Amino acid sequence: MDIGFIGLGEMGAAMVANLLKAGHTVRVWNRTPEKTEALAAAGAHAVATPAGAFTGDAVISMLADDAALREVVDTALLAHAPRGLVHVNMATISVALAETLAREHAELGLHYVAAPVLGRPDAAAAAKLTIIAGGAAEAIDRVQPLFDAIGQKTWRIGALPQQANVMKLAANFMLAAAVEALGEAAALLGGHGVAMRDFLDVVTAGPFPGPVYAGYGGMIAEDRYEPALFKARLGLKDVRLALAAADAVATPLPVASVLRDSLLEAVAHGDGERDFAVLGKVAARRAGRA
Ligand code: NAP
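Along each chain, residues carry numbers from 1 onward, in the same order as the chain's sequence is written. Under the rules for a predicted model, residues below a pLDDT of 70 receive no local features and side-chain atom pairs below 80 are neither given nor counted, while totals for whole chains, interfaces and linings still include all residues. Values shown for side chains rest on all heavy atoms present in the structure; no hydrogens or waters enter the calculation.

## Notes on the site of the ligand
- By convention in this text, a residue qualifies as near a molecule or strand provided that one of its non-hydrogen atoms is within 4 Å of it. Close to the ligand lie 28 residues, the nearest being Asn30, Thr32, Lys35, Ala64 and Lys237.
- Identification of polar contacts relies on pairs of N or O atoms within 3.5 Å, with a donor-acceptor requirement for protein atoms, meaning one able to donate a hydrogen and the other able to accept it, and with residues adjacent in sequence counted only if both atoms are side-chain atoms. For the ligand, an oxygen atom lies 2.6 Å from a polar atom in the side chain of Lys35.
- Residue Glu71 places a side-chain N or O atom 3.4 Å away from a nitrogen atom belonging to the ligand.
- Shrake-Rupley sampling with a 1.4 Å probe provides the accessible areas, and residues are treated as covered by the protein chains on show and by no other component. Relative to its unbound accessible surface of 900 Å², the ligand loses 91% to contact with the protein.
- We place a 1 Å grid over just the protein atoms. Points where a 1.4 Å probe fits but has no way out form a cavity, open points with protein on both sides within 12 Å along at least 5 of 7 lines form a pocket, and any residue with an atom within 4 Å of a point lines it. A cavity or pocket is said to hold a molecule if more than half of that molecule's atoms lie within 2 Å of its grid points. Judged by its atoms lying within 2 Å of the grid points, the ligand is housed in the largest pocket.
- Taken together, domain 1 (2–159) and domain 2 (165–286) each give at least three residues to the shell around the ligand, which thus spans both. Domain ranges listed in this record stem from an automatic or a database domain assignment.

Right under this line is the structure:
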């Protein structure tokens, strides 16, 4: 397919590399143009404006947040996009913005698919993302070859794009809760002279297997928060989005409120660009041990 790709951060760059490997023609745009260079060497075509990417069979966006997406994909850009184009937004954005974008695209004869992903940049590099797709079935059918190139499985959850975003936010809320619990457990263990590494060996072999406990727990055990695969700043954004989505349907999320404050504390201490696992440092500091 001939596609555009907007946003070459940790996730986007890895996804484009796999789209190129699968033989797709990819026009790439990024705010910081230097990030296009490595991908251009691998066969991507760097374009100077978002409009240069917003054409062809489809365009994928993988920008940081609502503000970035709205800044780049504004109504003027949409008005000039070719009719029938499928825009797949794979970033984690608010339910409210997904609803707005779905409406704006439909009014202009464009297709909007929300396809947020589960998996960190290492999963993106290995083409092992879990893709949660919401939107019209015909539009998803058209971009399925792109999903096959970057993910291990696509879950189609219905015709309303924003429902895919709710599912992603619920998953990241659970992720944040697990990392907060790992951090607090590490602080508890540390206070009694028990090594986090020993604890992880026990619990990951028993009731808590899987990449979340082993991966984030391992980083907390090593007190290592760089390189940041998933930045605390982005984790805070996702918890805030979950709270906003819950607020819209009058649903209390008391644990999410705690997570928001823990992540805010990490940001306030200058750790926003560090990995999400830095919640371990927050818990240790609260216990007077960081
Ligand atoms: P990232 O490394 O911080 O990259 C963010 C991208 O957004 C960069 O291309 C950046 O451009 C661009 N950007 C930010 N503000 C912008 C603005 N105002 N105008 C234009 N471009 C702007 O983030 P990431 O880790 O790739 O995450 C991307 C999305 O995927 C986020 O929604 C995140 O929540 C989601 N996600 C991340 C992970 C993960 O583990 N990292 C997992 C699943 C989903 P510059 O290069 O110019 O800064």
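## With respect to the layout of surface pockets
- Grid points are joined across faces, edges and corners, and a volume is the space filled by probe spheres set on the points. Here the largest pocket defines a volume of roughly 1,300 Å³.
- What lines the largest pocket is a set of 50 residues, among which Met11, Met62, Leu229, Phe230 and Leu234 lie closest to the centre.
- Only DSSP runs of H or I covering at least 4 residues are called helices, and only runs of E covering at least 2 are called strands; the numbering of each starts at the N terminus. For the lining of the largest pocket, the secondary-structure elements that each account for two or more residues are helix 1 (10–21), helix 4 (66–72), strand 7 (117–118), helix 7 (121–125), helix 9 (161–191), helix 11 (211–221) and helix 12 (232–248).
- Looking at which element gives the most residues to the lining of the largest pocket, the answer is helix 9, with 6 residues.

## Regarding helix 6 (residues 95–107)
- Multiplying one less than the number of residues by 1.5 Å gives the expected span of a helix. Taking 1.5 Å as the rise per residue, helix 6 with 13 residues should run 18 Å; its terminal C-alpha atoms sit 19 Å apart, in good agreement.
- For the exposure calls, accessible area comes from a 1.4 Å probe over protein chains only, and a residue counts as buried if that area is under 20% of its type's maximum, exposed if over 50%, partly exposed in between. Listed in full, the buried residues belonging to helix 6 are Val95, Leu97, Ala98, Leu101, Ala102, Glu104 and His105.
- Lining the buried residues of helix 6 we find helix 4, helix 5 (75–80), strand 5 (86–89), strand 6 (111–114), helix 9 and helix 12.
- Once helix 6 ends, the next one or two residues include Gly109, with phi positive near 75°. A contact between two residues is defined here by any heavy atoms of the two lying within 4.5 Å.

## Describing the pattern of salt bridges
- Salt bridges are counted wherever a side-chain nitrogen of Lys or Arg sits within 4 Å of a carboxyl oxygen of Asp or Glu. Taken as a whole and judged by the stated rule, the model has 14 salt bridges.
- The salt bridge partner of Asp2 is Arg27, with a shortest N-O separation of 2.9 Å. Of the two residues, Asp2 sits in strand 1 (residues 2–6) while Arg27 sits in strand 2 (residues 25–29), which places them 25 residues apart along the sequence.
- Asp2 gets classed as partly exposed once you look at its relative accessible area, which sits at 31%.
- The class for Arg27 is buried, based on a relative accessible area of 12%.
- Across the pair Glu265 and Arg285 runs a salt bridge, and its minimum N-O distance is 3.8 Å. On the criterion of sequence distance, the pair formed by Glu265 in helix 13 (residues 254–268) and Arg285 in helix 14 (residues 279–286) is long-range, its members being 20 residues apart.
- Connected through shared salt-bridge partners, Glu180, Glu265, Arg285 and Arg286 make up one network.

## Digging into the nonpolar core
- Buried Ala, Val, Leu, Ile, Met, Phe, Trp, Tyr and Cys residues form a nonpolar core when they are joined through side-chain atoms within 4.5 Å. Residues Phe5, Met15, Leu19, Phe54, Val88, Met90 and Phe147 are the most contacted members of the largest nonpolar core, which totals 58 residues.
- In terms of residues, this core owes the most to one element, helix 8 (residues 137–150), which gives 7 residues.
- Excluding residues that lie within four positions of it along the chain, Phe54 makes contacts with Ile6, Val59, Val73, Leu77, Leu78, Ala81, Pro82, Leu85 and His87.
- By size, the runner-up hydrophobic cluster in this structure holds 33 residues, among which are Leu175, Met196, Leu200 and Leu279.

## Overview of the packing of aromatic side chains
- Any Phe, Tyr or Trp ring, taking Trp's six-membered ring, that has another such ring centre within 6.5 Å forms a pair; planes under 30 degrees apart are called stacked, those over 60 apart edge-to-face, and the others tilted. Under the definition given, this model contains 3 aromatic pairs.
- What links up through ring pairs into an aromatic cluster is the set Tyr216, Phe230 and Phe276.
- Its end group placed over the ring of Tyr216, Arg120 keeps NZ or CZ at 4.6 Å from the ring centre.
- Charges are assigned to positions over rings by a cutoff of 6 Å between ring centre and Lys NZ or Arg CZ, combined with an angular limit of 35 degrees from the ring normal. The ring centre of Trp155 lies 4.3 Å from the NZ or CZ of Lys153, which sits over that ring.

## Digging into the domain arrangement of the protein
- Each domain of the protein was delimited in the assignment, giving domain 1 (2–159) and domain 2 (165–286).
- Centre-to-centre separation of domain 1 and domain 2, based on C-alpha positions: 27 Å.
- The partner domain 2 presents 19 residues to the 18 residues of domain 1 that form the contact.
- What gets called buried area is simply the loss in accessible area from a 1.4 Å probe that two parts show on being joined, summed for both. Summing both partners gives a buried area of about 1,500 Å² for domain 1 against domain 2, and 68% of it is carried by carbon and sulfur.
- Summed over the three residues of domain 1 that lose the most area to domain 2, namely Thr92, Val95 and Arg120, the buried surface amounts to 39% of that side.
- Counting every contact that joins domain 1 to domain 2 gives 0 salt bridges.
- Where domain 1 touches domain 2, the interface holds 3 residue pairs in polar contact (both at pLDDT 80 or more).

## Some details on the sheet that holds strand 7
- Here, strands pair whenever DSSP counts at least two bridges between them. On the basis of which strands lie adjacent, the open sheet formed by 3 strands has the order 7-8-9 and mixed pairing. The sheet is open, and its two edges are formed by strand 7 and strand 9 (151–156), each paired on a single side.
- As defined by bridge partners, strand 7 adjoins strand 8 (residues 129–133) across 2 bridges and the pair is classed as antiparallel. The partner of Val117 across the bridge, within strand 8, is Ile131.
- Axis geometry follows a simple rule: fit a line to the C-alpha atoms, using only the stretch in contact for helices, then measure angles between N-to-C directions, giving values from 0 to 180 degrees. Seen against the sheet, helix 8 touches strand 8 and strand 9 and runs at an angle of roughly 160° to strand 9.

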